[in-house]
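Report on the structure
Chain residues, written in single-letter form:
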Amino acid sequence: VPTMRSAVLAVALSALASGPTLALAFASGELTQLPYPAASPGAAGAKLKCRFAGSVPASPAITTGTTSTCSTTLSRSTHDAIALRGGSTALKSDATAAVSADDKSSSGIDIPLLIYFALWYVGNYFYNLTNKRALKAAGGAAGFPMTISSLQLGIGCLYGIFLWAAPDARKAPKVTVDDIIKMLPLAFCYAGAHSASVFSFSAGSVSFGQIVKAAEPAFAAVLTQFVYGKTVSKAKWLCLPIIIGGVILASVNELDFAMSALVSACIANVFAAIRGNENKKLMETEGLKERIGSVGNQFALTSILGFIISIPFVVIKEGSRWGDFCEIFKSTSALKMNLIASALWYYGYNELSTMTLKKTSPVTQSVANTAKRVIVIVGVALVLGESLDAMKLVGCGIGIGGVFLYSIIDKLVASKKKED
């Protein structure tokens, strides 16, 4: 493959009989010394200037003789040929500006990013659907929510390990024992947030649990300010009554209301808020990002540690009924299929959401999370036949709208100050 790529690049460069300074930015790979044809009759050669993004061993120029400059137009075929070189390649030059503009104006949409969003939303939706069905099949709140939440993490771990073992799938991390120890608080909070969420969904409706979970910024603000000592702006504090008010309105006429569902969802919010702060602290560890290697690896490591941490809690909470669970699992296809499906959906959508959010701006992230919450609440409620009365919808809209405002309020205030 490297030989083919070099050949493609050579063909692309040889198609340029002459041209202005050409800028090639490679995210990975290397550029080798290749012959470059004469720019014009009588000229011994031409000079190609290269600009690189990332750590790429490269010479600032490739020269075969004298320097000659003249204008040319980079053809579509040449543009496509050079675009094949390397994994993530960006090609920028005066000659290709028109090509890029045409591409953007013709489509106007980032198709890969749209696919990421679609898969993220679909995965989140089907996780909530299959998770609720698995919980119902196992007996609901009186069943095995702790066992199910732990097994979901365990099945996801197997998928992550498979990616490390499979050829050319994903490079395994090179973390140390000290790195693993530092990841334990994050993994504990990750497992706690997941288990508490599953408890909430087993005790009440998915829509109600999601509405309460939408109030996570309120818990994050309190913990960030008073536990981690980081200042939260006054504008964000003023958004919290909107969020809390929306949750209260949505709970007033909740037919499936259960105090245990409310408390579990609040505990999940506490764990999620701590997890966010712990993750920031962890990523400040020198060299850790490089040793982990990728976002996917970080999520896989967190899932494995979270699964191991959850096992003692399963033994304490539901260990005495493990035999009953195994019998239900063997005899009930609904539990078997939905448990496995929910585990894979959970792992997949979490990894996809991370990949998607890293490619978008903070405002886009806020809109995306808001839209996702609405889709899950309404979609799952309709499929499972959960209550969606007017008061619940109004409360849902106010609460989620408050979360969106909380996410962007600092930027709005800053831009307003600039205008003034």
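Refer to the structure above for everything that follows.
The present account deals with the structure reproduced in this document. Note that the structure is a prediction, hence the values are computed from the model and not measured.

1. Quick look at the pattern of salt bridges
- Applying the stated criterion across every chain, the model contains 5 salt bridges.
- The salt bridge partner of Glu351 is Arg170, with a shortest N-O separation of 2.3 Å. Remark: Arg170 occurs in the loop between helix H5 (145-165) and helix H6 (177-203) and Glu351 occurs in helix H14 (residues 333-357); sequence separation between them is 181 residues. Arg170 shares its class with Glu351; the two are buried.
- Its salt-bridge partner being Lys182, residue Asp178 comes within 3.5 Å of it at the nearest N-O pair. Here Asp178 and its partner Lys182 are both found in helix H6, 4 residues apart, which amounts to about one turn of the helix.
- Its relative accessible area of 43% is what places Asp178 among the partly exposed residues.

2. A short note on a nonpolar patch on the surface
- Side chains of Ile109, Ile111, Leu114, Ile115 and Leu119 sit close together on the surface and give an oily, nonpolar patch of about 450 Å² of accessible area.
- By the secondary structure assignment, Ile115 is in helix H4 (residues 111-137).

3. Comments concerning the packing of aromatic side chains
- Under the counting rule described, the total for this entry stands at 18 aromatic pairs.
- Here Phe117 and Tyr121 contribute two aromatic rings whose centre-to-centre distance is 6.2 Å and whose plane-to-plane angle is 70 degrees, an arrangement assigned as edge-to-face. On the criterion of helical spacing, the pair formed by Phe117 and Tyr121 is a turn pair, its members being 4 residues apart in helix H4.
- The exposure class assigned to Phe117 is buried, which follows from its relative accessible area of 15%.
- Tyr121 sits in the buried class, given a relative accessible area of 18%.
- Judged by centre distance (5.1 Å) and plane angle (80 degrees), the rings of Tyr125 and Phe126 are edge-to-face.
- Relative accessible area serves as the criterion here: at 16%, Tyr125 is assigned to the buried category.
- What links up through ring pairs into an aromatic cluster is the set Tyr127, Tyr159, Tyr190, Phe299, Tyr346, Tyr347 and Tyr349.
- Here the basic side chain of Lys336 rests over the ring of Phe329, its NZ or CZ set 5.9 Å away from the ring centre.

4. Some points on the packing of H4 against H6
- Look at H4 against H6: their axes get within 10 Å of each other, and the N-to-C directions meet at 65 degrees. Taken as axis vectors, H4 and H6 run roughly perpendicular relative to one another. Crossing angle aside, the handedness with which H4 passes H6 is right-handed. Taken together, the residues of H6 that come into contact with H4 (itself represented by Tyr127, Asn128, Asn131, Lys132 and Leu135) are His194, Val198, Phe201 and Ser202.
- Partitioned by chemical class, the residues of the contact of H4 with H6 number 4 nonpolar, 4 polar and 1 charged.

5. Focus: helix H10 (residues 259-283)
- The end-to-end C-alpha separation of H10 is 36 Å, in line with the 36 Å expected for 25 residues at 1.5 Å each.
- Restricting attention to buried positions, one finds in H10 the residues Ala261, Ser264, Ala265, Ala268, Asn269, Ala272, Ala273, Asn277, Glu278 and Leu282.
- For H10, the elements touching its buried residues are H6, helix H7 (206-213), helix H8 (216-226) and helix H11 (288-292).

6. A look at the side chain of Ser150
- Its location among the elements puts Ser150 in helix H5.
- Residue Ser150 is classed as buried on the basis of its relative accessible area of 5%.
- Ignoring sequence-local partners within four residues, the contact set of Ser150 consists of Phe307, Ser310, Ile311 and Val314.

Cut-offs and rules
- Residues numbered from 1 in each chain as written.
- Predicted model: local features only at pLDDT ≥ 70, side-chain atom pairs only at ≥ 80, totals over all residues.
- Heavy atoms only, no water.
- Salt bridge = Lys/Arg side-chain N within 4 Å of Asp/Glu carboxyl O.
- Helix = DSSP H or I, 4+ residues; strand = E, 2+ residues; numbered from the N terminus.
- Buried < 20%, exposed > 50% of the residue type's maximum accessible area, 1.4 Å probe, protein only.
- Patch = residues over 30% accessible without salt bridge, like charges linked within 9 Å, V, L, I, M, F, W, Y side chains within 5 Å.
- Areas by Shrake-Rupley, 256 points an atom, 1.4 Å probe, with all protein chains shown as cover.
- Phe/Tyr/Trp six-rings, centres within 6.5 Å; stacked < 30°, edge-to-face > 60°.
- Lys NZ or Arg CZ within 6 Å of the ring centre and 35° of its normal.
- Axes fitted to C-alpha atoms, helices over the stretch in contact; angles between N-to-C directions.
- Parallel < 35°, antiparallel > 145°, perpendicular 65-115°, else oblique.
- Left-handed = near helix turned anticlockwise from the far one by under 90°.
- Contact = heavy atoms within 4.5 Å.
- Nonpolar A, V, L, I, M, F, W, Y, C, P; charged D, E, K, R; others polar.
- Expected span 1.5 Å × (residues − 1).

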